[in-house]
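# Analysis of the macromolecular model
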Number of protein chains: 2
Amino acid sequence: MSLTDGTVPTDVALNTDLYELTMAQGFWEEGMASNRACFTVFFRENPFHGGYAVACGTGQIGEMVENFRFTEDSIAYLRTLQAPGGGPMFKEGFLDYLAGFEPDLDIWAVREGDLVFPREPLVRVEGPIIACQLIETALLNLVNFQTLIATKAARVVQAAEGHVVSDFGLRRAQGPDGGLTVARASYIGGCASTSNVLAGKVYGIPVFGTHAHSWVMAFPTQLEAFRAFAKSSPKNCVLLLDTYDVAQGVEDAIVVAKEMEAAGERLSAVRIDSGDLAKLSKMARRRFDEEGLGYVKISASNDLDEYTIQSLFAQGAPIDSFGVGTKLATADPQPSLGGVYKLSAYRAEDDEAWTPTMKVSEMAYKRTIPGVQRLVRYRDVEGVPVGDVILDDAHVMPEKAGHAVDVLDPVTEYDFSRAVPEDVLVSMVRNGRDTGEGGTIAEARDRCRTALRYLDPATRRFLNPQFYPVGLEPGLADLRQRLAREERERGGNPAA
Amino acid sequence: MSLTDGTVPTDVALNTDLYELTMAQGFWEEGMASNRACFTVFFRENPFHGGYAVACGTGQIGEMVENFRFTEDSIAYLRTLQAPGGGPMFKEGFLDYLAGFEPDLDIWAVREGDLVFPREPLVRVEGPIIACQLIETALLNLVNFQTLIATKAARVVQAAEGHVVSDFGLRRAQGPDGGLTVARASYIGGCASTSNVLAGKVYGIPVFGTHAHSWVMAFPTQLEAFRAFAKSSPKNCVLLLDTYDVAQGVEDAIVVAKEMEAAGERLSAVRIDSGDLAKLSKMARRRFDEEGLGYVKISASNDLDEYTIQSLFAQGAPIDSFGVGTKLATADPQPSLGGVYKLSAYRAEDDEAWTPTMKVSEMAYKRTIPGVQRLVRYRDVEGVPVGDVILDDAHVMPEKAGHAVDVLDPVTEYDFSRAVPEDVLVSMVRNGRDTGEGGTIAEARDRCRTALRYLDPATRRFLNPQFYPVGLEPGLADLRQRLAREERERGGNPAA
């Protein structure tokens, strides 16, 4: 059982930070296991200093929750753990409880491919506090990284201006499953294909790839190597030009392209993987065109990201497709999304109403938003989103078009009175069961493409993007201020 | 079958870039499948602008190779793939070949925990070219990320100056298995424990963790929350101080610590997860000491890395242990190690001698080192490594102490004549079978600690570290220059 024998043990319930289990034991001992909690997943800043993020991983929450069970094996392992101060870390009664545990939760989330912005609820989890707590790590692990990668992919695809982008990141990913995760999220973000064959099998993503430098080096001459590849893969022939000298690579490719024509085949493309891609692609394009090989496409790779692709186009590089690897798979230069999971409302099992809670940090920007949160997105008559409003389920708010809507924090001058509201959060889990609303990754990919097409270009741009307005409904804004004030006055728990 | 149902399909043989398979088909068709190749894995720069890297993932190569088989299921998937130009991508004869494929390889590698430097062979793979090619992606996926994370962990542990560091990175990792990989490599790099329970179960790594802010928020007051936690986990009680105000957190912890004393227990530690950790830890230390609670340890977390930890100690922060998450799990700010896999020698099945090969790039620094490479590390009489030499297996070199050794590229002034040489590469796979030389992760962790203790502090430091000397044996340096010259003169393949 390991990373390398084909059976990575992703036992979902043990895929957790230890403190979820020590807290769960505490809730169980205190008789609080069934008290109700509402947790909210959100992040504080858009990744890459950008104007948006693409929700991802949320479509798998239902499956994760349905499979969240403690196996006999897992219980046996937990039984072996010793507390640092001596004695077993977990009590037998608690282990019995875990053995029968099923997370009876209700979960809403932003659909995969939809846009999401800082401070907004990406996921909302409601249910027994012990269940909310136990799934925390697995849930964050699922949505943090995929949202980051889908966003990175969307940016790279945006820079490629309609040209094809393929994920080449597997060799730099965090283990086999890291690569699988990257391929899935990149596809949702807009990549056309992946080099990762397993991702093709598991998710049905188109796979792409041809040959490496080593192919060329294994033959006495480059020309022989190109000929052999054309013979072996005539319908899928992309020749790599930069094993030695790219100019010679182009000439050898021209020879083979003409031989392929004579045999009724066509050289599909060439790829350049080092050197000055702008200069070399222009040279290759010119030579292919001079030789009547205008149909041969030019593909580029080598440490690409959204900025290098933009720069290549700014230099007029005639590149038709891009293989993007390392910087996509690792979300360089910001390899993490700081998505957090915060308690935002709480109630005893028998209480009717929620008590909103809030973490008042030493740092004001870390102050959370209280309440059982909904997220409403307003669109103008063209369908362009003009602003989002976070509101508490308990507060009434006019949502129909034709009503004036006050949005606080920040105050936006947009006249919402003609905007059409829609709920962004979708029910993913109901009573611990997958609702099936997650949909397919192809649907998620379409959703992302549509969402980005409608997004204001000022928000979409990379350099100093305009912030998309996200406000709190006035009642919720008041509540938040009141809780912070109470906290300051008492030095205690603002929710108590 | 997915990331979330507990059965991540890491079918090792499909965990590959598509081009490995299209090339393999080409080699098979050309009758070259059994030609012999020697590939070398190396990286060009130390991660994090540091002076060293810690080899990791190499101990799992044997298991990976033994499990590298194409299942019926995988073959069925490959059969469905269509070439972009039409028709099946793979021929039936080739799929039959894959169904019976076993990688009959010999592999040497730097042992886990040993140090490795730029341009050195981290792994050397010898065998039929088709087998060498097919395992490329899985091998890079295995060693690239783990070497990066083990190096990051070693740096963080170095900064912690003997204080305990625990991996807290799961929630920001690349999926469940990404987290598992991080925990393994971090432990080898020197972390004492992980929050990741699954990593504890799978690898036997000590697990650590107590409670989150949400625990405190679920109680009417912080004091009640602390009391309840102390009651539930008296032998493993670390109280989190910063849910509201840290000063109040300290006072509440003092009350609970004294109640625990009265009950014959001891508060183990407190943790601070936000705010000015230097200032707050001093305040907490002072208050605990004033109250006779000198034994209560102080733990810190919140976006830590080697630099923040150094800075905390420079400010005199009395912190006893660190939880390091995001920046460890994602190797921030350099989330990838650019490890590559290059053909360095080649021969027909019946040839006696290897023909060295070399990739002559447009960029001189991308020029590879040819040959069947060995790596020899020289140590002075104290055991301090003074320089490494890369040599070709075909070249004779005086290796015993007492012989003068010329080391080229760079020229080093150290007198190697009294240094003791040792081979760094160890046989991990023999005839496709795991040699068992990978050893345990505990051994790897010890090896890393010892290696870093002996390393010159000038090479170990973070700011402008002195480069550790790595040279080419003179015969290999000559060969490399000759191949490059021949290439320039002919514009062809320097190995032909």
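Cut-offs used in this document
Residues numbered from 1 in each chain as written. Chains lettered and ligands numbered in written order. Predicted model: local features only at pLDDT ≥ 70, side-chain atom pairs only at ≥ 80, totals over all residues. Heavy atoms only, no water. Least-squares fit on C-alpha atoms with pLDDT ≥ 70 in both. Contact = heavy atoms within 4.5 Å. Pairing = 2+ DSSP bridges. Helix = DSSP H or I, 4+ residues; strand = E, 2+ residues; numbered from the N terminus. Salt bridge = Lys/Arg side-chain N within 4 Å of Asp/Glu carboxyl O. Buried < 20%, exposed > 50% of the residue type's maximum accessible area, 1.4 Å probe, protein only. Axes fitted to C-alpha atoms, helices over the stretch in contact; angles between N-to-C directions.

## Brief notes about the relation of the copies chain B and chain A
Expressed as a screw transformation, the operator carrying chain B onto chain A has a rotation angle of 180° and an axial translation of 0.0 Å, and the superposed copies differ by an RMSD of 0.0 Å. The operation mapping one copy onto its partner corresponds to a two-fold rotation axis. A symmetric contact is evident, with 100% of the interface residues of chain B recurring at the interface of chain A.

## A few points about the sheet that holds strand β6 (residues 164-167) of chain B
Residues and elements named next belong to chain B. Spatially, the six strands line up as an open sheet ordered β7-β6-β11-β10-β9-β8, and their pairing is parallel. Edge positions in the sheet fall to β7 (193-194) and β8 (238-240), since each has one partner strand and no second. Pairing geometry for strand β10 (residues 297-300) and strand β11 (residues 321-324), over two bridges, is parallel. Paired with Ala300 across the two strands is Phe322, which belongs to β11.

## Here we look at the pattern of salt bridges
One pass over the structure, following the stated rule, counts 61 salt bridges over all chains. Here Asp17(A) and Arg171(B) are joined by a salt bridge, their closest N and O atoms 2.8 Å apart. Of this pair, Asp17(A) sits in the segment before α1 (18-29) while Arg171(B) sits in the loop between β6 and α7 (175-189), placing the two residues on different chains. With relative accessibility at 4%, the residue Asp17(A) sits in the buried group. Taking the shortest distance from any N to any O, the salt bridge between Arg124(A) and Glu126(A) comes out at 3.0 Å. For the pair shown, Arg124(A) and Glu126(A) are each scored as buried. Several salt bridges share partner residues, and in doing so they unite Glu251(A), Lys258(A), Arg286(A), Arg287(A), Glu290(A) and Glu291(A) into one network.

## Brief notes about the sheet that holds strand β5 (residues 123-128) of chain B
Whether parallel or antiparallel, the strands of a sheet pair through hydrogen bonds between backbone atoms. Residue and element names in this part refer to chain B. As summarised here, the arrangement of the seven strands in space is β13-β12-β1-β5-β3-β17-β18, forming an open sheet in which the pairing is antiparallel. Strand pairing shows two members of the sheet lacking a second neighbour, β13 (355-356) and β18 (433-434), which therefore form its edges. Sheet analysis places strand β1 (residues 36-42) next to strand β12 (residues 340-347), joined by seven bridges and oriented antiparallel. When the sheet's bridge partners are listed, Thr40 is paired in β12 with Lys342. Relative to β12, helix α6 (residues 136-159) is tilted by about 135°, and along the sheet it contacts β1, β5 and β12.

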